[in-house]
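Summary of structural features
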Amino acid sequence: MKKLSPIAYRALFFKHVWGFIGNVAKPFELKKPHAVAVSGGLDSMALLWLANTLYQQGKIGAVRAIFVHHQTRPGQDDEAELVQKFCLQEKIPFSMLKIEGLKGTNSNFEKLARNHRKALFTQELKKGERLWQGHHLDDSYEWHMMQKNRSNHLKAILGIPVRNGPIIRPFLCVTKAQIKRLVEFEAIPYINDPTNKDLSFDRNYIRHKVIPPMRKRYPAYLKHYSHLSNFTAILLKMSLAGGSTSEIYVYEGGAVLVGEHFSEIQIQELLHTYSNTDRGEIVGPIQRMLKAIDNGKKGPFHFSGGMEAYYNAHVLMLYKQGMKNYDESIANTLSSLPENQLTAMPHYKRVELRHSWSHLLKSSDAMLNMPGLVLVLESDSICKTLNTSVFDPLFPLISAVCQKRGLRFVPYLKCLETWQRKKNKLPDTLRLLPLCNLSNLFSSHQ
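This report concerns the structure included in the present document.

1. A short note on the nonpolar core
One finds Met-317, Leu-334, Leu-353, Trp-357, Met-370, Leu-375 and Leu-432 to be the most contacted residues of the largest nonpolar core, which totals 51 residues. In terms of residue count, the dominant contributor to this core is helix α17 (residues 412-421) (five residues). Residues contacting Leu-432, with those up to four places away along its chain left out, are Met-345, Pro-346, Tyr-348, Leu-353, Val-374, Leu-375, Val-376, Cys-415 and Trp-419.

Written as structure tokens, this is what we have:
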């Protein structure tokens, strides 16, 4: 682990967690009050400290602490006293809820305790208030290990949910070791729960017997699990990564994001999935790419691990460097088409062109045709209105044929958007040739 001063580590920890929170909670939510579920353990005390610091910095609304007393062992009195003392010191409102009738000897104690806590929190939360819980990546992996041995549901890979109604879990982007380091630097008080060593509980058995030898052999297991979980959430369309209105299409050779805004987290997970390596700085290049796109750049943009990205008209492609698309094959077919066949191409309505675009996205070889170019076989004035082009960096051979034959093209989405926006200046039908249609005219990909 890289050696950092306490000040530098705190700054990096805050930046990482705050960025994660911003991706799973809306700004208006963060300005509302927050209750932190605190047990007195390392994780929840660190979360209370962090939430209170964010409140003092004006980043979130007022913070209060809720302690649930299970009344099943004497040690909880000490934990309640520690939390209450810390809250008094930091001027944090404190409340304690008690579970009645629960026995520590119950065979399904963990489940019963969890259900009781959930019921108490539901009753206690005020209108608009969000509940913060201190689960971290290690907890999520342990939950995943238990669930995959109890169920065949794909959602088991996802681990503990980042959001569940009013519940937010800000530490699901960090490990227990990272939290412990923060606690040591900031001298945050906490008490170890002795029941965490009781191997009769499934979670403790996995934590103390299953994971340690695996961690020794595969030290990066949490990193890989995090990427797998996030990527699975994207595939299941359950990703809570905010700031994105894009749709994601995944293929063997890469992925396509379609929309007006793209999430850094989604791009990061997709790049990690297709990349040849886990090494290399990736967040900075993604941010620079998105800024360049906002400034009108298209790319290609290069990333570590042999990955590239290319943007054109609300379509962001992520693919491996050196991907050989249908440029040569389509160019050969296009150059051989007689003029009379080009002039006889059918007219499209907007709805028909949109259906053609949807069909392309669902095809297995979509990546080899992206970003999806449409030949415009109309007058110069219509081509000007559609803002057509004669060059695309991913299709240099097609571009050369178009320049030679005086043909012009435009990406699907740009054509559809401009057609809708300037429909008063354009006819109801246009003579078009989606170049992906030519993919059907050659027998093999060169």
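2. Some words on the sheet that holds strand β13 (residues 373-376)
Taken together, the four strands give an open sheet; going across it, the order is β12-β15-β13-β14, and neighbouring strands pair in antiparallel fashion. Lying at the two open borders of the sheet, with one neighbouring strand each, are β12 (347-349) and β14 (408-411). Each adjacent strand pair in this sheet contributes to an overall mean axis angle of 55°, direction not counted. Across three bridges, β12 lies against strand β15 (residues 429-434) in antiparallel orientation. Residue pairing in the sheet places His-347 in a bridge with Arg-431 of β15.

3. Here's the deal with the packing of helix α14 (residues 350-362) against α17
When two helices pack together, their arrangement is given by the angle between their axes and by how far apart the axes lie. In contact at an axis separation of 10 Å, α14 and α17 are set at 155° when each is read in the N-to-C sense. Taken as axis vectors, α14 and α17 run roughly antiparallel relative to one another. For the pair α14 and α17, the crossing hand works out as left-handed. Across the interface between the two elements, Arg-350, Leu-353, Arg-354, Ser-356, Trp-357 and Leu-360 from α14 touch Tyr-412, Leu-413, Cys-415, Leu-416, Trp-419 and Gln-420 from α17. Within the contact of α14 with α17, the residues separate by chemical class into eight nonpolar, two polar and two charged.

4. Focus on the pairing of strand β7 (residues 247-251)
The pairing of β7 with strand β8 (residues 254-258) spans five bridges and is antiparallel. Within the sheet, the bridge partner assigned to Val-250 lies in β8 and is Ala-255. Following β7, the chain reverses through two residues before pairing antiparallel with β8.

5. Some words on the environment of Thr-175
You can see Thr-175 is positioned in the loop between β6 (167-168) and α7 (176-186). C-alpha of Thr-175 to C-alpha of Leu-222: the two residues are 47 residues apart in sequence and 8.1 Å apart in space. When near neighbours in sequence (up to four residues on either side) are disregarded, Thr-175 contacts His-136, Leu-137, Asp-138 and Leu-222.

Basis of the calculations
Residue indices begin from 1 for each chain and proceed along its sequence in written order. Per-residue local features are limited, in this predicted model, to residues with pLDDT of at least 70; the limit for side-chain atom pairs, both in listing and counting, is 80 or more; totals at the level of whole chains, interfaces and linings are taken over all residues. Hydrogen atoms and water are omitted, and side-chain values are computed over all heavy atoms in the structure. Throughout, nonpolar core names a set of buried Ala, Val, Leu, Ile, Met, Phe, Trp, Tyr and Cys residues whose side chains join them through atoms within 4.5 Å. Accessible area is worked out with a 1.4 Å probe on protein chains only. A residue is then buried under 20% of its type maximum, exposed over 50%, and partly exposed in between. For helices the rule is a DSSP run of H or I covering at least 4 residues; for strands it is a run of E covering at least 2, with both sets numbered from the N terminus onward. Any two residues whose heavy atoms approach within 4.5 Å at even a single point are treated as in contact. Between any two strands, pairing holds if DSSP finds at least two bridges. Helix axes are fitted only over the stretch in contact, all axes being lines through C-alpha atoms; the angle between N-to-C directions runs from 0 to 180 degrees. Orientation is classified from the angle alone, with under 35 degrees giving roughly parallel, over 145 giving roughly antiparallel, 65 to 115 giving roughly perpendicular, and any other angle giving oblique. Note on convention: the crossing is left-handed when the near helix lies turned anticlockwise from the far helix by less than a right angle, right-handed when the turn is clockwise. Charged means Asp, Glu, Lys or Arg here, nonpolar means Ala, Val, Leu, Ile, Met, Phe, Trp, Tyr, Cys or Pro, and polar covers whatever is left, Gly included.

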